[in-house]
Amino acid sequence: SASNSATGADNAAGREAPIASNPPAAARSVSAATAGTTGIGDPYFPGDGNGGYDVTHYALALAYEPRSKHLGGSATIDAKATQELSQFNLDLHGFTVSAVTVNGRPAQFERHGDELTIFSDLRDGAAFKVAVAYAGTPDPVQNSSNLGSYGFIPTADGAFVTCEPNGAKTWFPSNDHPSDKATFDFTLTVPEGVTAIANGELAGTPQTKDGKTTFVWRESNPMVTYLATMTTGKFQVRTGDSPGGIPVYAATDPRFSKSLNSLYDQSARITDYWTTVFGPYPFKSTGGVVDDFAAGYALENQTKPIYGGFEPDEGIIAHELAHQWFGNSLSINRWKDLWLNEGFATYAEWLWSEHRGNGTAQQSFEDAYASATDEIWKYPPGVTRPNDLFNASVYVRGGMALHALRTEIGDTKFFPLLKKWTADHRYGNVTTEQFIDMAEKISGEQLDDLFDAWLFKPAKPASVG
Ligand code: ARG
Ligand code: ZN
């Protein structure tokens, strides 16, 4: 309810940490058993996510001023305790938190690094609502050697928001790990003339008042935090329905206006085609965004992949839209399994090229095999390396692994496997072991040697086909 909004809460309850004296030590001498852990248990990113609860919904009400780069507002989070709690954490990088409420009552909190600790007594299984009021200048991750720049990145006319792997915390307090999926509402206020683009669909026409426009977006299907976006700026927008009846939203920065129609058409056609290969489209709309920010990569933001400073060709659109099934509907539970996203999306590029008559997947496989570097053969993609998450092996050798599987079990088993994989785990979290199990069940074959060779051994497997 409105009274739960943290914005009006008593500031005295919230504190900037560390402050030693208040609350009394007794109030905070928690037994480890009732403190939610500061990480969700992924050894690759030990501080990411948190233990002790599951988020079901994020309602983000945020205003952004491109000129001053000021972001502020509230995040209201519905969650369920998975243990008895005396305190729990959210991930948040930077910002000043002015107030926190739990179930409408002011709660004490502390900040330590990228952890926001909230003190509240909750029963195991209790549903609760936490509201965080915060503001400041977003501080994205910049030029990290492994991951590049990501998070909430201010641009000349707005912001480019791409958060894989753990940049959601650069713009909202969250359980920032793909193993905790939730639905999202976004109420985004920007200066008139600026477009705010988030996931899902617009709820009504944006309203303008006193020189500010508010866009309300709703993602009604579960989403991982790294796919959430509030990309803002000057955009030209085209909307409609794909030939197959899926609503499409395409947007381009004015510098890329000549790509708007091709972005729209390709995104529509490719989404339709993937439904015939991967199964029903998991979300309520599709589309794409081209922003004038030279990220050097694209990201499969749910319902609206974003392309950073380049005109996307069919191959990359096919890749990002394949992620709507592989990565977005079916999400990894641990970062080590990232090939389940990138290997599948890369193989999808080869399937698209085959569909278009531009070379069979076998030819794409042979080209990739012939041009693979020693580094790829030394890097088994089945266990992604935390310090090299987006290595070419995860993409290309991951794709080759799927082609080797297809060659081994045949099209009559391989394509039904893809559809069963996406159907059985729709909106869920998956592991490599589950995929191997399903491949063995559907094919009736023992596939350990094949997966060992392609996913797990640091050596060059024999070619296939
Ligand atoms: N998942 C993206 C893609 O393959 C890549 C994201 C790269 N992220 C990053 N922080 N560099 O489409
Ligand atoms: Zn990808």
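Relevant structure appears above.
The notes below deal with the structure included here.

Attention now moves to the packing of aromatic side chains. Applying the stated rule across the entire model yields 40 aromatic pairs. A centroid spacing of 6.4 Å and a plane angle of 55° characterise the contact between Tyr369 and Trp454, whose relative ring orientation is tilted. Taken together, the residues Tyr369 in helix H5 (residues 361–371) and Trp454 in helix H10 (residues 448–456) connect sequence positions 85 residues apart. By relative accessible area, which is 14% here, Tyr369 ends up buried. On the basis of relative accessibility, which here comes to 3%, the residue Trp454 falls in the buried class.

A word on the packing of helix H8 (residues 411–424) against helix H9 (residues 432–443). Working note: a packed helix pair is described by the angle between its axes plus the distance between those axes. Between H8 and H9, whose axes approach to 10 Å, the crossing angle comes to 135°. With respect to each other, H8 and H9 are oriented oblique. Our pair here, H8 against H9, has a crossing hand that is right-handed. Residues Lys413, Pro416, Leu417, Lys420, Trp421 and Asp424 of H8 lie in contact with H9, whose contacting residues are Gln434, Phe435, Met438, Ala439, Ile442 and Ser443. Classifying every residue of the contact of H8 with H9 gives 7 nonpolar, 2 polar and 3 charged.

The next thing to look at is the pattern of salt bridges. Enumeration over the complete set of coordinates arrives at 12 salt bridges. For the salt bridge of Arg356 with Glu314, the shortest nitrogen-to-oxygen distance reads 2.8 Å. Placement of Arg356 in the loop between helix H4 (339–355) and H5 and of Glu314 in helix H3 (residues 314–322) is noted, with a sequence separation of 42 residues between them. The structure contains a network of salt bridges with shared partners spanning Glu354, Arg406 and Asp411.

Attention now moves to the sheet that holds strand S7 (residues 115–122). Here we have 3 strands laid out as an open sheet, ordered S3-S7-S6, and antiparallel in their pairing. Single-partner strands in this sheet number two, and they are strand S3 (85–91) and strand S6 (108–112). Neighbour-to-neighbour, the strand axes of this sheet turn through a mean angle of 30°, independent of strand direction. When S3 meets S7, the two strands line up antiparallel, connected through 6 bridges. If you follow Phe88 over to S7, its bridge partner there is Ile118.

On to the site of ligand 1, then. Not every one of the 13 residues close to ligand 1 is listed here, only the nearest: Leu147, Glu164, Glu300, Glu320 and Tyr395. Interatomic distance of 2.6 Å between a backbone N/O atom of Leu147 and a nitrogen atom of ligand 1. A distance of 2.7 Å separates an oxygen atom of ligand 1 from a polar side-chain atom of Glu320. Secondary-structure elements contributing two or more residues to the shell around ligand 1 are strand S21 (298–299) and H3. Per-class residue counts for the shell around ligand 1 are 7 nonpolar, 2 polar and 4 charged.

Within the secondary structure, Asn358 sits in the loop between H4 and H5. On the basis of relative accessibility, which here comes to 55%, the residue Asn358 falls in the exposed class. The sequence separation of Asn358 and Gly410 amounts to 52 residues, and the corresponding C-alpha distance is 21 Å.

With that out of the way, let us pick up the pairing of strand S20 (residues 286–291). In terms of residue burial, S20 counts as a mostly covered element, since 6 of its 6 residues are buried. Neither face of S20 is open: one carries Thr286, Gly288 and Val290, the other Gly287, Val289 and Asp291, and all of them are buried. Across 5 bridges, strand S19 (residues 247–252) lies against S20 in parallel orientation. From the neighbouring strand, Tyr249 faces S20, where its bridge partner is Gly287. The parallel pair S19 and S20 is bridged by helix H2 (residues 260–278), and the resulting crossover is left-handed.

What follows covers the side chain of Thr232. For Thr232, the location among the structural elements is in strand S17 (residues 230–233). With residues up to four places along the chain from it excluded, the contact list for Thr232 reads Tyr64, Thr155, Asp157, Gly158, Ala159, Val190, Val194, Thr195 and Ala196.

Cis geometry is found at the peptide bond from Glu164 to Pro165, where omega equals 5°. When you line up the elements, Pro165 lands in the loop between strand S11 (159–162) and strand S12 (182–191). Here Asn103, not a glycine, exhibits a phi torsion of approximately 50°, which is positive. Using a relative accessible area of 41% as the deciding quantity, one classes Asn103 as partly exposed.

Now for the coordination of the zinc ion (ligand 2). Metal coordination angles in their ideal form are 109.5 degrees for the four-donor tetrahedron and 90 or 180 degrees for the six-donor octahedron. Those donors, His319 (NE2), His323 (NE2) and Glu342 (OE), are the protein atoms that reach the zinc ion (ligand 2), and they lie 1.9 to 2.0 Å from it. One way to put it: the 4 donor atoms around the zinc ion (ligand 2) meet at angles of 96 to 141°, and that makes the site irregular. Sequence spacing among the residues donating to the zinc ion (ligand 2) works out to H-x3-H-x18-E. Taken together, the residues His319 in helix H3 and Glu342 in helix H4 connect sequence positions 23 residues apart. Overall, His319 belongs to the buried group, its relative accessible area being 5%.

The rules behind the values
- Residues numbered from 1 in each chain as written.
- Chains lettered and ligands numbered in written order.
- Predicted model: local features only at pLDDT ≥ 70, side-chain atom pairs only at ≥ 80, totals over all residues.
- Heavy atoms only, no water.
- Phe/Tyr/Trp six-rings, centres within 6.5 Å; stacked < 30°, edge-to-face > 60°.
- Helix = DSSP H or I, 4+ residues; strand = E, 2+ residues; numbered from the N terminus.
- Buried < 20%, exposed > 50% of the residue type's maximum accessible area, 1.4 Å probe, protein only.
- Axes fitted to C-alpha atoms, helices over the stretch in contact; angles between N-to-C directions.
- Parallel < 35°, antiparallel > 145°, perpendicular 65-115°, else oblique.
- Left-handed = near helix turned anticlockwise from the far one by under 90°.
- Contact = heavy atoms within 4.5 Å.
- Nonpolar A, V, L, I, M, F, W, Y, C, P; charged D, E, K, R; others polar.
- Salt bridge = Lys/Arg side-chain N within 4 Å of Asp/Glu carboxyl O.
- Pairing = 2+ DSSP bridges.
- Near = heavy atom within 4 Å.
- Polar contact = N/O pair within 3.5 Å; in protein donor to acceptor, adjacent residues only side chain to side chain.
- Right-handed = clockwise from strand over helix to strand, strands pointing away.
- Donors = N, O, S within 2.8 Å, 3.2 Å for Na, K, Ca; no water.
- Tetrahedral: all angles 85-135°; square planar, octahedral: opposite > 155°, others 65-115°.

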